[in-house]
Amino acid sequence: ESFALAALGIGTLGGGFEVRLLDSVQLRMLNEALDAIGTDDSALRAMLLARLSVASTLGAEQARRVAMAEEAVAIATRVGHAGALAQSLAAWCDAHAGPRHTDERRAAAAEMLAAAQRSGDPELELLARRFEIVAHMERGDLPLAWRAIDAFTELADRLRQPQFCWFARLVEGMRAHLRGDLDTAQPLAEEASRIGRSISSGNARMLADGALIPILARDRGEPGFVEMIASATRDHPEVARAMDGALLYGVGYGVDRDTAARVLAA
């Protein structure tokens, strides 16, 4: 059990809020911990399966990730452990990304939020709120998305932990951008970037430096935003597979041919 807890403690910021990908040490420890605790139902086994499902992103077959997440949810439900259920539902949501599963993820995020609140773990509640925000945005349900953003930022600011505060500033900046208020969005995006750098958050670098900040530059008519995207994501192998799509998205917004050729070549 001590080894399992140690395995869950590495490779993450915020108790699963941000999990390192393509981390061979983390993956080896999680698998070793699963072997050590055996196959009987337990909250620890559910949490290990959930974390392994997320940590295996880009490194395992999608069907395997889904199976681990679903097994984790089933075990956590059987043992009646609210914290393990919240973590398992987070892994399930992560394994079912994309528009095909948006409505299912909205329901899972609501169940996750209830489990997190029962567990009394504010970090799990923030994780549930994050999935809520994404699912509501994908459905275009802005009133519910705004409500989830407000709930997230209120709790994150109360905790004053940088691994959550950067995301609060990011989603506030996203909301301001969607409202067309670039002057409000810009300092929020820069604050998200600054806080993220203070904890070496790869997600903050991708989402603030590699998404919101360059998109604001694009909408201000400033040149070079595609290079900003490429620079922010260059050192992150977990996004290398998505780079072509991101760059082509940028090219669709008036980037000249020479700039597109140079960035794509790099």
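Whatever comes next refers back to the structure up there.
Residues numbered from 1 in each chain as written. Predicted model: local features only at pLDDT ≥ 70, side-chain atom pairs only at ≥ 80, totals over all residues. Heavy atoms only, no water.

Attention now goes to the packing of aromatic side chains. Counted by the stated rule, this structure contains 2 aromatic pairs. Aromatic pair Phe 152 and Phe 167: ring centres 5.2 Å apart, planes at 65°, arrangement edge-to-face. Remark: Phe 167 occurs in helix H9 (residues 162-178) and Phe 152 occurs in helix H8 (residues 142-159); sequence separation between them is 15 residues. The buried category is assigned to Phe 152, whose relative accessible area is 0%. Aromatic side chains Trp 166 and Phe 167 sit 5.6 Å apart centroid to centroid with 90° between the ring planes, which places their arrangement in the edge-to-face category. As far as burial versus exposure is concerned, Trp 166 and Phe 167 are alike and both buried. One aromatic cluster in this structure is built from Phe 152, Trp 166 and Phe 167. Over the ring of Phe 131 we find Arg 130; its NZ or CZ atom is 5.2 Å from the centre of that ring. (Phe/Tyr/Trp six-rings, centres within 6.5 Å; stacked < 30°, edge-to-face > 60°. Helix = DSSP H or I, 4+ residues; strand = E, 2+ residues; numbered from the N terminus. Buried < 20%, exposed > 50% of the residue type's maximum accessible area, 1.4 Å probe, protein only. Lys NZ or Arg CZ within 6 Å of the ring centre and 35° of its normal.)

Moving on, we get to the packing of helix H1 (residues 2-9) against helix H2 (residues 24-37). Orientation of H1 relative to H2, taken along the N-to-C sense of each, is 155°, at an axis distance of 9 Å. Of the possible angle classes, the one that applies to H1 and H2 is roughly antiparallel. The two elements H1 and H2 meet at a crossing, and its hand is left-handed. When H1 is examined against H2, the residues Phe 3, Ala 4, Ala 6, Ala 7 and Leu 8 are found in contact with a partner set consisting of Met 29, Leu 30, Glu 32, Ala 33 and Ile 37. The class makeup of the residues in the contact of H1 with H2 is 9 nonpolar, no polar and 1 charged. (Axes fitted to C-alpha atoms, helices over the stretch in contact; angles between N-to-C directions. Parallel < 35°, antiparallel > 145°, perpendicular 65-115°, else oblique. Left-handed = near helix turned anticlockwise from the far one by under 90°. Contact = heavy atoms within 4.5 Å. Nonpolar A, V, L, I, M, F, W, Y, C, P; charged D, E, K, R; others polar.)

Okay, helix H5 (residues 82-95) next. The end-to-end C-alpha distance of H5, which contains 14 residues, comes to 20 Å, matching closely the 20 Å that a straight helix rising 1.5 Å per residue would cover. Along H5, 13 of the 14 residues are buried, which leaves the element largely enclosed by surrounding structure. (Expected span 1.5 Å × (residues − 1).)

Residues other than glycine seldom take positive phi values, yet Arg 160 does so here, at roughly 60°. With respect to the helices, strands and loops of the structure, Arg 160 is situated in the loop between H8 and H9. At Ser 200, a residue that is not glycine, the phi angle is positive and equals roughly 55°. Relative to the elements of secondary structure, Ser 200 occurs in the loop between helix H10 (182-198) and helix H11 (202-219). Among the residues examined, Ser 200 registers a relative accessible area of 64% and is labelled exposed.

Where H2 contacts helix H3 (residues 43-55), the axes come no closer than 10 Å and their chain directions differ by 155°. Classified by the angle their axes make, H2 and H3 are roughly antiparallel. Between H2 and H3 lies a crossing whose hand is left-handed. Seen from H2, the contacting residues are Gln 26, Leu 27, Leu 30, Asn 31, Ala 33, Leu 34 and Ile 37; seen from H3, they are Leu 44, Arg 45, Leu 48, Leu 49, Arg 51, Leu 52 and Ala 55. Here the residues of the contact of H2 with H3 are counted per class, giving 10 nonpolar, 2 polar and 2 charged.

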